[in-house]
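Given next are the chains, with one letter for each unit.
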Amino acid sequence: MRVMVFVKATEDSEKGVMPTTELLGAMMKFNEELVKAGIMEAGDGLKPSSAGKRVAFDGPSRTVIDGPFAETRELVAGYWIWNVKDMDEAVEWVKRCPNPMFGPSEIEIRPHFEMADFAEILTPEIAEREARLRAETEGR
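Here is a short report on the structure shown in this document. Not measured: the values here are computed from a predicted model.

1. Here's the deal with the packing of aromatic side chains
Following the criterion strictly, the structure yields five aromatic pairs and no others. Through pairs of rings, three or more aromatic residues link up here, namely Phe30, Trp80, Trp82 and Trp93. The ring of Phe69 has Arg54 sitting right over it, with the charged end atom 3.9 Å from the ring centre.

2. With respect to helix 3 (residues 87–96)
Structural remark: α-helix, 3.6 residues per turn; residues separated by three or four positions point the same way. Of the residues making up helix 3, those classed as buried are Ala90, Trp93 and Val94. Buried residues of helix 3 fall within an arc of 100° about the axis and therefore sit on the same side. The outward face of helix 3, more than 90 degrees from its buried face, is lined by the exposed residues Asp88 and Lys95. The N-cap residue of helix 3 is Asp86: its side-chain oxygen and the backbone nitrogen of Asp88 are 3.2 Å apart.

3. Topic: the pairing of strand 4 (residues 61–66)
In terms of strand pairing, strand 3 (residues 53–58) meets strand 4 through six bridges, oriented antiparallel. Directly across from Lys53, in strand 4, lies its bridge partner Asp66. Between strand 3 and strand 4, which follow one another and run antiparallel, lie two residues, and Gly59 among them has a positive phi close to 60°.

4. What to know about the pattern of salt bridges
In this structure the tally under the stated criterion is eight salt bridges. Measuring nitrogen to oxygen at the nearest pair gives 3.1 Å for the salt bridge that ties Arg2 to Glu41. Highlighted residues: Arg2 in strand 1 (residues 2–8) and Glu41 in strand 2 (residues 40–45), separated in sequence by 39 residues. Close ionic contact of Arg132 with Glu128 constitutes a salt bridge, the shortest N to O distance being 3.8 Å. A residue pair is termed a helical-turn pair when its members lie 3 or 4 positions apart in one helix, as Arg132 and Glu128 do in helix 4 (residues 124–138) at four residues. On the basis of relative accessible area, Arg132 is assigned to the partly exposed category, the value being 43%.

Calculation rules
Residues numbered from 1 in each chain as written. Predicted model: local features only at pLDDT ≥ 70, side-chain atom pairs only at ≥ 80, totals over all residues. Heavy atoms only, no water. Phe/Tyr/Trp six-rings, centres within 6.5 Å; stacked < 30°, edge-to-face > 60°. Lys NZ or Arg CZ within 6 Å of the ring centre and 35° of its normal. Buried < 20%, exposed > 50% of the residue type's maximum accessible area, 1.4 Å probe, protein only. Helix = DSSP H or I, 4+ residues; strand = E, 2+ residues; numbered from the N terminus. Arc of directions from axis to C-beta. Polar contact = N/O pair within 3.5 Å; in protein donor to acceptor, adjacent residues only side chain to side chain. Pairing = 2+ DSSP bridges. Salt bridge = Lys/Arg side-chain N within 4 Å of Asp/Glu carboxyl O.

Here it is as structure tokens:
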């Protein structure tokens with residue numbers, strides 16, 4: 001089961017406050033444990049939303065919105081992509097994670113859709129195209 005693990009932003013992360021050397025070291029140690037366990041596929045920290053943009057869609061219209069964005073608690077400061085056996089395993093790993101922020105913080109875990117989730121609407125052509133795309137992206 002693939003999951004995306006979101007480190008939620010805080011006021012400090014949105015201000016661009018960098019972690020201490022100790023916190024950075026603790027997070028690197030945790031990442032090394034994830035890699036050794038064969039769970040971590042990807043992960044990175046994200047710059048504050050002031051460095052980002054959003055694109056709003058409304059039919060054929062596209063509107064670009066410059067950051068920063070309101071509602072810090074809804075923003076993401078970092079992420080991992082993990083491959084775990086189930087949600088319980090993901091939760092157990094998150095509980096082992098050092099607190100990624102200086103104060104209270106949250107980490108959210110969301111499962112990826114699998115092709116089986118689309119079984120009712122999946123055509124053989126779409127399944128073949130998806131398999132080809134996945135093979136190409138994994139081969140990079």
